[in-house]
Amino acid sequence: MALSPTNPDLLVRDFLRHNRWSQWRARTAETAFSALALLVFAGFALWVGDSLWTRLLAPGTPWARPLPAALVGVATAFAIVARARSRGQGLARVHASDWLAAMPLPAGARRNARARLVGSDAALWLLGVWLTLAWAWLRADQSAPVLVVALALGSLGGSAIAWLMPGAPSEPAAERIQRRERASAVAIAAGTQGLRLLGAALEPAAARLPRSAPWVAFAFLLFPQSTPLIAVPGLVLLFTALTLSLDLIGHWHVRYLADQAWLDAQPLLPRHLFRAYLPYLTRRTLVLSLIFGACLHVLGAPLLFALALTVMLAAAVADAVLCGFATRRAPGRFPMLLILHGVIVVATTQVLPPALPLVWLGCALTAWRQGNR
Amino acid sequence: MNRVHPETLLQVEDLHLSFGANAVLRGVDLAIVRGQLLGLVGPNGSGKTSLIRAVTGLLPVAPGQVRIAGIDLAVDPLAARRQFGFAPDPTRLPPALSGRQALSVAAAARGLDTTPASTLELAERLGASRWIDQRIETYSLGTRQKYAILIGLIGDPPLLVLDEVMNGLDPISSHELKLELIERCERRHCGVLLATHGLEIAPTLLTDAALLHEGRIRHRWGSVELGHWRHADPGAFERAVVAALRSDPAG
């Protein structure tokens, strides 16, 4: 295979893209189904968002005033930079000991590759934000250019900073991260034995890895103008509970796949390994759902409605975990199954709401059976 | 500054390495000249892999000095790294790339336009070319090991640093690799540092051996001793290592 001498890390990226494309082409039916499912999901999200845009971009909202809009712009820039920094630091840690670490590569070459990789990622985010803004502006009856301009400039500024100053972890910072990860791995409750060790090991590590929580800041955008100040902490808590639920699923899934990889050859039924995480998952989900429901009720939702949403959040987490269990042999299909379940649930809610518990139970049972195969 | 013999490919002096309070290397001195195939033996946890990682610059050492072909690794790591090839841990190879793609990347990393024909020829001899266009994630441990070795040998560096590379290899590949290493040392005047637990291969492959125990080099065997055992008593090296370990007060 002839190639011109180039940056090895970028060469790896090009090869990975080529391989992914070949794989998609080889699995035409599956790729078409995934694309269709994504399109349906995106279409649904845009449909749901329609009323939101009008409210968000209404001239009377606080965000139509220059100072709050500027703050939103700065928060957007900060979020993009923080995400890029985190990705750059992760790559730097991988590069320090990967298969090319002992190769005669100038430090600048790998730094440059990291900057390019992180920069492309930031550019994609920028594109996503701008497309969403363009769509929102088109769909909203009124326009609040101040907020749109602030968001556009904030995302542009954030992406530019991410591109030009990707940053790298200093040595002490890298050591601190490693020490923290090691401590997380060993800080297991005393007396825990057997498979339950795996679930117990999740606890301290998950507590230290709130990955999505900073994005809660953007929930402020969704608050109506009439929101009393006293309700704001409740709303923030509510959105934090939601994002932490997402973190919980993501973190569990990574650990579950890793644990399964080394225990796969053991005479162990899949459900027995799965059970090891249940005490931790149940405890965490219960706490997050209760916080979520209590916030809703305190903010004025009727008790029954708050209870129903509490159960729905817990059911959604349980369903996501079961999807992870069902796709344990082909983890690439996890997002697809999640989207599929999401579409089924949402469609049932729209067409025949009373059937929702039954449909959901059906989805969960199918996933459980798939996982046990 | 110490004077380095022009034939010296690797010079390790007073190398220390600690992980927190745990001292792993406690003043290691080692040298490899052209044509030398030095085996590093020692029990589990003796510091062999740490020494290999320190020599390749993957672990920072203090105090101590590593010179590759006369170049201080700490002062000019890029120039020093051009002088050695290192077979990475096979589990760290990129799973989503094919063997051919991984070799292309490794060639690019050494500044080569294309994967050298000699590497592809060695892949054929090692029995690795059958899977060259398949993804690494589908490889067996032995096939991964073969590609890790090919990556280490790509570009014909004068010094080879290899850690337990015989693990997982089938008898034919193992034999071919031994022939390749011997040929590189004898004809091309390369040097090899080979960390291994395979004591039975030592007399037929190594020119010299060093025993690392508790972070220090405790014993050395030269080419005369190994050469004598090769013909007279192939099992003698294993017995000598066990005896040296048992008589070591640190053990």
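The coordinates are above.
Residues numbered from 1 in each chain as written. Chains lettered and ligands numbered in written order. Predicted model: local features only at pLDDT ≥ 70, side-chain atom pairs only at ≥ 80, totals over all residues. Heavy atoms only, no water.

### Overview of the environment of Arg-111 of chain A
Residues and elements named next belong to chain A.
(1) Moving on: Counting through the fold element by element, Arg-111 comes out in helix H4 (residues 107-139).
(2) Moving on: On the basis of relative accessible area, Arg-111 is assigned to the partly exposed category, the value being 48%.
(3) Moving on: Spatially, the C-alpha atoms of Arg-111 and Thr-54 are 43 Å apart, while their sequence positions differ by 57 residues. (Helix = DSSP H or I, 4+ residues; strand = E, 2+ residues; numbered from the N terminus. Buried < 20%, exposed > 50% of the residue type's maximum accessible area, 1.4 Å probe, protein only.)

### Some remarks on the packing of helix H10 (residues 278-298) of chain A against helix H11 (residues 303-326) of chain A
Residues and elements named next belong to chain A.
(1) Moving on: Close contact between H10 and H11 brings their axes to 8 Å; oriented N to C, the two are set at 150 degrees. Of the possible angle classes, the one that applies to H10 and H11 is roughly antiparallel. Both H10 and H11 take part in a crossing whose hand is right-handed. Contacts from Leu-281, Thr-285, Leu-288, Ser-289, Leu-290, Phe-292, Gly-293, Leu-296 and His-297 of H10 reach H11 at Leu-303, Ala-306, Leu-309, Thr-310, Leu-313, Ala-314, Val-317 and Val-321.
(2) Moving on: Of the residues in the contact of H10 with H11, the class split is 12 nonpolar, 5 polar and no charged. (Axes fitted to C-alpha atoms, helices over the stretch in contact; angles between N-to-C directions. Parallel < 35°, antiparallel > 145°, perpendicular 65-115°, else oblique. Left-handed = near helix turned anticlockwise from the far one by under 90°. Contact = heavy atoms within 4.5 Å. Nonpolar A, V, L, I, M, F, W, Y, C, P; charged D, E, K, R; others polar.)

### Some words on the interface of chain A and chain B
(1) Moving on: In this assembly, 25 residues from chain A lie in contact with 31 residues from chain B.
(2) Moving on: At the boundary of chain A with chain B, the tally comes to 0 salt bridges.
(3) Moving on: Linking chain A to chain B there are 6 residue pairs in polar contact (both at pLDDT 80 or more).
(4) Moving on: Here the side of chain A that touches chain B is composed, by residue class, of 18 nonpolar, 6 polar and 1 charged. (Salt bridge = Lys/Arg side-chain N within 4 Å of Asp/Glu carboxyl O. Polar contact = N/O pair within 3.5 Å; in protein donor to acceptor, adjacent residues only side chain to side chain.)

### Here's the deal with the environment of Gln-370 of chain A
Residue and element names in this part refer to chain A.
(1) Moving on: Tracing the backbone shows Gln-370 in helix H13 (residues 356-372).
(2) Moving on: With 239 residues separating them in the primary sequence, Gln-370 and Leu-131 have C-alpha atoms 38 Å apart.
(3) Moving on: Apart from residues lying up to four places away in sequence, Gln-370 is in contact with Ala-326 and Leu-337.

### Let's talk about the sheet that holds strand S9 (residues 208-213) of chain B
Residue and element names in this part refer to chain B.
(1) Moving on: The strand order S6-S7-S8-S3-S9-S10 describes an open sheet built from 6 strands, whose pairing is mixed. Single-partner strands in this sheet number two, and they are strand S6 (84-86) and strand S10 (216-221). Along the sheet, successive strands turn relative to each other by an average axial angle of 20 degrees, direction set aside.
(2) Moving on: Direction of pairing for strand S3 (residues 37-41) relative to strand S8 (residues 191-195): parallel, over a ladder of 4 bridges. Along S8, the bridge assignment pairs Leu-38 with Leu-193. (Pairing = 2+ DSSP bridges.)

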